[in-house]
Amino acid sequence: MSPRTATALAHPNIALVKYWGKRDAALNLPAVPSLSLTLDGFATTTTVRWGAAADRLVLGGVERGAAELRKVSRVLDLVWGGPGRPAAEVTSENNFPTAAGLASSSSAFAALALAAAAAADQPLDRARLSVIARQGSGSACRSLWGGFVEWRMGERADGNDSHGLPVAPADHWDLRLVVAVVSADKKAVGSTDGMTRTALTCPLFPGFVSSAPADVDQARAAVLARDLHALGAAMERSTNKMHATMIATEPTVRYWKPVSVAVLDAVEAMRASGLACYSTMDAGPNVKVLCAAADAERVAETLRGVPGLLRVEALAPGGDARLVG
Ligand code: 2P0
């Protein structure tokens with residue numbers, strides 16, 4: 001085969017109802033369903049060139065080692081889908097902080113699956129690409145689509161029915177996620193380790209798992225009805241339950257920093273003053289605030305007044321992962 005190249009761009013997604021915990025670690029099958037919003041503005045751009053001497057990953061201009069390369073090679077194996085796979089060179093850039101709780105792995109593996117399939121001339125549909133991206137990083141299965149995306153757990157042992165499903169496209173609802181960057185450092189506890197530790201040691205975890213489907217149902221209905229209060233309530237409930245389980249894990253998995261709490265307080269104060277805005281946090285100290293587009297500048301300006309924040313940015317719903325070269 002002559003070397004073939006393709007480039008794909010994918011946006012990260014932020015879970016409104018959270019994925020935390022696996023029912024199958026090898027296949028990255030989730031313990032809970034989840035629902036996310038794909039974000040415009042932040043993006044991963046990845047080029048795959050089949051026909052290298054050995055698999056290589058260059059991320060942000062830096063050659064990466066065996067641990068990061070292993071997951072990439074697994075995705076390449078799945079895309080190729082048979083024996084005789086050539087090695088590939090993968091070059092990837094993020095226009096936002098990597099591994100800092102801003103969902104960089106979601107856009108990374110979605111872009112990788114799409115670029116690798118196009119470069120290999122493999123006509124894989126989006127659901128199959130989502131199943132493959134999931135095996136690089138769970139949340140990546142939601143980044144093949146723009147807008148609001150659900151990840152159903154699926155029932156099959158092979159995981160082939162556990163993938164993203166679009167709920168509504170980016171232009172369905174003019175919302176903003178205002179991202180308050182508390183730290184751009186790499187997180188101290190990675191998501192995979194953190195969720196494994198939570199499932200093993202946290203006595204609250206079964207409650208998080210059993211209550212998650214109702215949160216997804218409420219969030220899906222709220223998206224379809226464009227009901228911001230109901231969506232915000234489901235999101236904050238899911239967020240708080242997830243962080244409660246993290247904190248009650250041994251050793252604890254605590255991502256919150258004092259500045260994170262100051263942002264959460266500011267959101268509560270804005271809401272008490274009549275501004276409809278709702279907070280969420282993921283596996284990191286950064287806080288994301290959901291609000292109507294018309295309120296985003298007011299929310300962002302208020303948050304810029306919180307001491308210690310590195311950056312505040314209002315991001316619109318983003319589109320599907322797509323080929324760009
Ligand atoms: C989510 N997070 O639903 C949740 C909320 C973080 C908190 O998915 O182990 O990088 O690769 O499947 O997808 C982050 O975890 O974890 C994540 P793996 P992933 O977005």
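Let's talk about the sheet that holds strand E16 (residues 322–323)
Spatially, E8-E7-E9-E6-E1-E16 is the arrangement adopted by the six strands of the open sheet, whose pairing is mixed. The open sheet terminates on both sides in strands that have one partner only, identified here as strand E8 (62–63) and E16. Where strand E1 (residues 4–10) lies against E16, two bridges are found, and the strand directions are antiparallel. Note that in E16 the partner of Ala 8 across the bridge is Leu 323. Across the sheet, helix H1 (residues 66–80) touches strand E6 (44–52), strand E7 (56–59) and strand E9 (87–94), and the angle it forms with E7 is around 120°.

A closer look at the domain arrangement of the chain
Taken domain by domain, the chain holds domain 1 (5–170) and domain 2 (175–315). Inter-centroid distance (C-alpha atoms) of domain 1 to domain 2 is 23 Å. Between domain 1 and domain 2, the contact holds 30 residues from the first and 45 residues from the second. With both sides pooled, the region where domain 1 packs onto domain 2 buries about 3,000 Å², and carbon together with sulfur makes up 75% of that total. A per-residue breakdown of the area domain 1 buries against domain 2 is headed by Leu 16, Lys 18 and Trp 20, which together make up 28% of the total. The residue Asp 282 makes a salt bridge to Lys 18 at a minimum N-O spacing of 2.6 Å. Inspection of the region where domain 1 meets domain 2 yields five residue pairs in polar contact (both at pLDDT 80 or more).

Calculation notes
Residues numbered from 1 in each chain as written. Predicted model: local features only at pLDDT ≥ 70, side-chain atom pairs only at ≥ 80, totals over all residues. Heavy atoms only, no water. Pairing = 2+ DSSP bridges. Helix = DSSP H or I, 4+ residues; strand = E, 2+ residues; numbered from the N terminus. Contact = heavy atoms within 4.5 Å. Axes fitted to C-alpha atoms, helices over the stretch in contact; angles between N-to-C directions. Domains from an automatic or database assignment. Buried area = accessible area lost by both parts, 1.4 Å probe. Salt bridge = Lys/Arg side-chain N within 4 Å of Asp/Glu carboxyl O. Polar contact = N/O pair within 3.5 Å; in protein donor to acceptor, adjacent residues only side chain to side chain.

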